[in-house]
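# Commentary on secondary and tertiary structure
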Amino acid sequence: MALSGMRGLSVFISDVRNCQNKEQERLRVDKELGNLRTRFKNEKGLTHYEKKKYVWKMLYVYMLGYDVDFGHMEAVSLISAPKYPEKQVGYIVTSCLLNENHDFLRLAINTVRNDIIGRNETFQCLALTLVGNIGGREFAESLAPDVQKLLISSSVRPLVRKKAALCLLRLFRKNPDVVNVDGWADRMAQLLDERDLGVLTSSMSLLVALVANNHEAYWSCLPKCVRILERLIRNQDVPQEYTYYGIPSPWIQVRTMRALQYFPTIEDPNTRRSLFEVLQRILMGTDVVKNVNKNNASHAVLFEALALVMHLDAEKEMMSQCIALLGKFIAVREPNIRYLGLENMTRRLMVTEVQEIIKRHQAQIITSLKDPDTSIRRRALDLLYGMCDVSNAKDIVEELLQYLSTADFAMREELSLKAAILAEKFAPDLSWYVDVILQLIDKAGDFVSDDIWFRVVQFVTNNEDLQPYAALKARSYLDKPATHETMVKVSAYILGEYGHLLTRRPGCSPKEIFLIINEKLPTVSTSTIPILLSTYAKILMHAQPPDKELQSQIWAIFNKYEGCIDSEIQQRAVEYRALSRKGAALTDVLAEMPKFPERQSSLIKKAEDSEADTAEQSAIKLRTQQQASNALVVTDQLPANGTQPVGHLGIVKLPSMSNTDDNTSEQGITRENGILTVIDSQPPSTASLDLLGDLLAPLDIVGPPATTHQSEPSVASGLQSGIGADALAIEPVEDLAKNVQPIGDIAERFNALIVKDSGVLYEDPYIQIGIKAEWRAHHGRLVLFLGNKNVAPLLSVQAMILPPSHLQIELSLVPETIPPRAQVQCPLEVINLRPSRDLAVLDFSYKFGTHVQVNVKLRLPVLLNKFLQPISLSAEEFFQQWRSLSGPPLKLQEVVRGVRPMPLAEMINLFNSLRVTVCPGLDPNTNNLVASTTFYSESTRAMLCLMRIETDPADRSQLRMTIASGDHTLTLELKEFIKEQLVNIPIPSTPMPPQPQPISPPTTATSDPGDLLAGLLN
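## Regarding the overall build of the protein
For the protein, the count of helices and strands is 40 helices and 18 strands. The buried share of the protein, taken over its 1018 residues, is 54%. For the protein, contacts bridging at least 24 residues in sequence account for 71% of all contacts bridging at least 6. Surface exposure of the protein reaches about 45000 Å², of which carbon and sulfur atoms provide 51%.

## Things to note about the pattern of salt bridges
Throughout the structure, instances matching the rule amount to 48 salt bridges. Here Lys359 and Asp389 are joined by a salt bridge, their closest N and O atoms 2.1 Å apart. Taken together, the residues span a long stretch of sequence, with Lys359 in helix H18 (residues 355-359) and Asp389 in the loop between helix H20 (374-387) and helix H21 (393-404) at a distance of 30 residues. Considered together, Lys359 and Asp389 belong to a single accessibility category, that of buried residues. Among the salt bridges present, the one from Glu894 reaches Lys975, with a minimum N-O distance of 2.5 Å. Placement of Glu894 in strand E14 (residues 891-897) and of Lys975 in helix H39 (residues 968-983) is noted, with a sequence separation of 81 residues between them. Connected through shared salt-bridge partners, Arg378, Arg379, Asp382, Glu414 and Lys418 make up one network.

## A short note on the nonpolar core
Counting 286 residues, the largest nonpolar core has Leu207, Tyr218, Ile517, Leu533, Tyr536 and Leu860 as the members making the most contacts within it. Sorting elements by how many residues they give to this core places helix H11 (residues 197-213) first, with 10 residues. In this structure, Leu533 is in contact with Ile557, Phe558, Tyr561, Ile569, Arg572, Ala573 and Tyr576, ignoring residues within four places of it in sequence. The next biggest cluster of nonpolar side chains, apart from the first, holds 12 residues, and it includes Ala875, Phe879, Cys919 and Val930.

## Considering the packing of aromatic side chains
Taken as a whole and judged by the stated rule, the model has 17 aromatic pairs. Ring geometry for Phe12 against Tyr60: centres 5.9 Å apart, planes inclined by 85 degrees, an arrangement best described as edge-to-face. Of this pair, Phe12 sits in helix H1 (residues 7-17) while Tyr60 sits in helix H3 (residues 48-63), and the two are 48 residues apart along the sequence. Taken individually, Phe12 and Tyr60 each receive the classification buried, so the pair is uniform in this respect. Measuring from ring centre to ring centre gives 5.3 Å for Trp219 and Phe263, while their planes differ by 55 degrees; the resulting arrangement is tilted. Here the residue Trp219 occupies a position in the loop between H11 and helix H12 (222-233), and Phe263 occupies one in the loop between helix H13 (250-260) and helix H14 (269-285), the gap between them amounting to 44 residues. Classification of Phe263 as buried rests on a relative accessible area of 1%. What links up through ring pairs into an aromatic cluster is the set Tyr766, Phe844, Tyr846 and Phe848. We note Lys87 situated over the ring of Phe123; from NZ or CZ to the ring centre the distance is 4.7 Å. The residue whose ring lies beneath Arg859 is Phe750, and the NZ or CZ to ring-centre distance is 4.1 Å.

## Looking at helix H9 (residues 158-174)
Between the first and last C-alpha of H9 there are 24 Å, a value that for 17 residues agrees with the 24 Å anticipated at 1.5 Å per step. When H9 is considered as a whole, its buried residues turn out to be Val160, Arg161, Ala164, Ala165, Cys167, Leu168, Leu169, Leu171 and Phe172.

## Things to note about the pairing of strand E7 (residues 779-788)
Here E7 lies mainly inside the structure; 10 of its 10 residues are buried. Burial of the side chains of E7 extends over both faces: His779, Arg781, Val783, Phe785 and Gly787 are buried on one face and Gly780, Leu782, Leu784, Leu786 and Asn788 on the other. Alignment of strand E6 (residues 767-776) against E7, held across 10 bridges, turns out to be antiparallel. Counted as the bridge partner of Arg776 is His779 from E7. Here E7 runs beside strand E10 (residues 822-832); their pairing, made up of nine bridges, is antiparallel. If you follow Leu786 over to E10, its bridge partner there is Val824.

## Some points on helix H16 (residues 316-329)
For the α-helix, the turn length of 3.6 residues means that residues three or four positions removed from each other point alike. The end-to-end C-alpha distance of H16, which contains 14 residues, comes to 20 Å, matching closely the 20 Å that a straight helix rising 1.5 Å per residue would cover. Looking at H16, one finds that the buried residues are Met318, Met319, Cys322, Ile323, Leu325, Leu326, Gly327 and Phe329.

## Things to note about the environment of Glu25
In this fold, Glu25 is placed in helix H2 (residues 22-41). The buried category is assigned to Glu25, whose relative accessible area is 15%. Along the sequence, Glu25 and Asp15 sit 10 residues apart, while their C-alpha atoms lie 8.4 Å from each other. In this structure, Glu25 is in contact with Val16, Cys19 and Tyr66, ignoring residues within four places of it in sequence.

## Quick look at the environment of Gly246
As for its position among the elements, Gly246 is in the loop between strand E1 (243-244) and strand E2 (247-248). Put simply, Gly246 and Asn235 are 11 residues apart on the chain and 9.5 Å apart in space, counted from C-alpha to C-alpha.

## Brief notes about the side chain of Arg834
Structurally, the position occupied by Arg834 is in the loop between E10 and strand E11 (841-848). Residue Arg834 is classed as buried on the basis of its relative accessible area of 8%. Engagement of the side chain of Arg834 in a polar contact is seen with the side chain of Ser805, the distance being 2.8 Å.

## Notes on the confidence of the model for the protein
Any segment with low pLDDT has predicted coordinates that should not be analysed in fine detail. The pLDDT averaged across the protein works out to 78; a share of 82% of its residues lies at or above 70. Confidence, read as mean pLDDT per element, is least for helix H35 (residues 725-729) in the protein (31) and greatest for H13 (92). Low pLDDT (under 50) marks residues 611-738, which in the prediction has 301 contacts with non-local residues, meaning those over four places away or in another chain.

Here is what the cut-offs are and how they apply
Residues numbered from 1 in each chain as written. Predicted model: local features only at pLDDT ≥ 70, side-chain atom pairs only at ≥ 80, totals over all residues. Heavy atoms only, no water. Helix = DSSP H or I, 4+ residues; strand = E, 2+ residues; numbered from the N terminus. Buried < 20%, exposed > 50% of the residue type's maximum accessible area, 1.4 Å probe, protein only. Contact = heavy atoms within 4.5 Å. Areas by Shrake-Rupley, 256 points an atom, 1.4 Å probe, with all protein chains shown as cover. Salt bridge = Lys/Arg side-chain N within 4 Å of Asp/Glu carboxyl O. Core = buried A, V, L, I, M, F, W, Y, C linked by side-chain atoms within 4.5 Å. Phe/Tyr/Trp six-rings, centres within 6.5 Å; stacked < 30°, edge-to-face > 60°. Lys NZ or Arg CZ within 6 Å of the ring centre and 35° of its normal. Expected span 1.5 Å × (residues − 1). Pairing = 2+ DSSP bridges. Polar contact = N/O pair within 3.5 Å; in protein donor to acceptor, adjacent residues only side chain to side chain. pLDDT = per-residue confidence, 0-100.

Encoded structure:
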């Protein structure tokens, strides 16, 4: 900014720049600050010019980093100056020195408002810029209506309207509860018809914020967004100044497609067809060119189009085209484009339909592991880790092991951890898993955590068939001249426990095993010596017949370490020497280790705790930041005459994440869902008011319950029989019952939500809590509907989620007060980390009046089956997977007794409602069921699950169930979950006459798929 005419300011800046050191600068600044204080004390004698000059000096001192605790009033007073130069200085300095909570801002509100509603466009722009930069709550309360009027005014120039849109966006993001945007759908639709692209750009940014907060009110804007995209893609009526390297306004294109992603679906066929034509043109018209700026703009549009295609669940052909385009990007030489291709391909892994298509580019992704750019290598590693499954696990893990030898040291720990996790989750057999882990330790011992070799020891201990093989492999690695200490640990442990199984093999006698392990003793640290001492004691125990020479050598080592300064080593040496002299006592104490209990893999837990931020997580965080507040209050006012309102409450339609199957069959009773702290159980009312109904019903009004027990059940029925709502609403508050009774059976409501994605979770005379959910892979989005049924507000409302360790749940803020006849919608984001049957609990409390306080704990219907996706397999596919999962713990079988008798058709319906597909015709016995499904979690990704149910038509109360999957924890949890549904939860249904069928005779060998399956399963 020109400083001509302000000689004093120029001289001060020159003096500060000419200072030789910090001390000189401080002295010069202190001198100037003293001068400014003196001048400001005599404010009446200052002209506007002098005040402007001194305020500029004060700002410069502040920019140098010095505290300026005076002069704020002078800066604010310049805002009311009549001339532009002084007013400009006042606005600039005020926006720099003051924050939104400063008391002096209140003095400027009237002046700023006068400038906004005035006719001077320059003053309007200055005022809007100040309000947008500070964005305080008081500004929002006082000025938001004026900014809104300015935005929609047709008599205001586009420059001012553009600033008004950005100012309103800032106020809405900072204070969404203050800025009133109710009824703005039509006005936003009018703004989208704006021909000036500057105003349209700002309005589109505002629209993105509005639909992120509540898209339901802005459906009318959707077709206009599509028309804007059509106009830009066809380059119709786009001024040259808004064309960036031949691309018509890429900023509007990106924001428009971002806004469309907040709408769950596009139901109008013409609008959907037009949008897909636009997206097709974007996909076909984007290519890599030499101009970097054009590449940046075109790729910004392209990647937003890719995200929109995936969000709208486009046809598989278009999705394939998207992945093919990304495949081209990861093959180009430009590193930035390769990075973007890998990042966006990682995001696409969330879409099940394209996972197989991504696998076609596996070779190119593996090539990216060797890229010179470390960020590209990390993205390639994330992508390989995410796309790995049973079909390609061997190839990917082998490539990771090869890359491990040349990988950067900064990546080796993460690389080792991911290779170990993939080997554990997708191992075709346990011997391959042992090979991989031992290779991993051999190649990257310094970067292999103890959790990795602990895990392989657990597998070897729990599988007897694996023990000789593991011992032989451990023996072979000790023959190498340079053996890493971690390899010494795991080899010594395995040989100590199972080395005696190799006695008949050459070079594997107890003495030879002792000698080769003892060669490593001088090279290991003190943390490994206790393991070697235990191994020596085990070798001595297994040496049959006793070898005197071996015994003397081992005793000599024990004697050596009896005086060791390390207490752990000393204790072991003393105790092992004493035990070895007692003979049989050594055998009892050092007996073979028992099997480890089934538990969650510590490797997978470690990966969850330390996993790097992936592209998918970054996108989720970005969307979360864009939504300033997700709690929406929708009120429905009762007419003065007390009649039933006609309007329906609007609900949030969540974006479609998968083709979920809402089964509406009623469910029976299981254990209690909630624990009410102030009530006793009560039979369900036959006329309970359904505030949410199917989440679309109108709001009913219920007055406080009467004091006597006889009148409580008649509240709802009274309304239906003609008693007016006003008659109930005037009951004295003092007569409210102390104990609040729930309406309906809480357990029945929970059981119904096991197989449904929407319904009522809890209801009492004051509130009704409904839920609506959609699930996609291991992600879930739920909305809690909190409906106040009374004419008085609910106070001190609190909701807290108590999630189990396997779920990551984020609940939006819940308002402390729910207005009368209002409904609050509180979204939840759920991420399933690993398989488990533990349930999340909603701790909910509220107050009504001064006498009623309710606290209830409700189990949320976020169960294991919510993360299942039905899948139908052919006989060939089923057999191949079933053969690869051999025996416990990946395949578990149990005879289940106490099953509620049900016809086979009803059992099939039950499995379908649990998102498990029954595959007909695969089992030769018509009384048996064969089913398959896919389970999703962050730890397992997409994991195929297979099951077989064998029933006896003569006794439907018992059956034999076999469950198999590639993850032992998942197998156990799924088996227990299915068992729970069959035994503990009776499902009412229409009774069917029994249809006994003769038991099929034993079948002979044949090529029929069903017979082959029977042979495999039995």
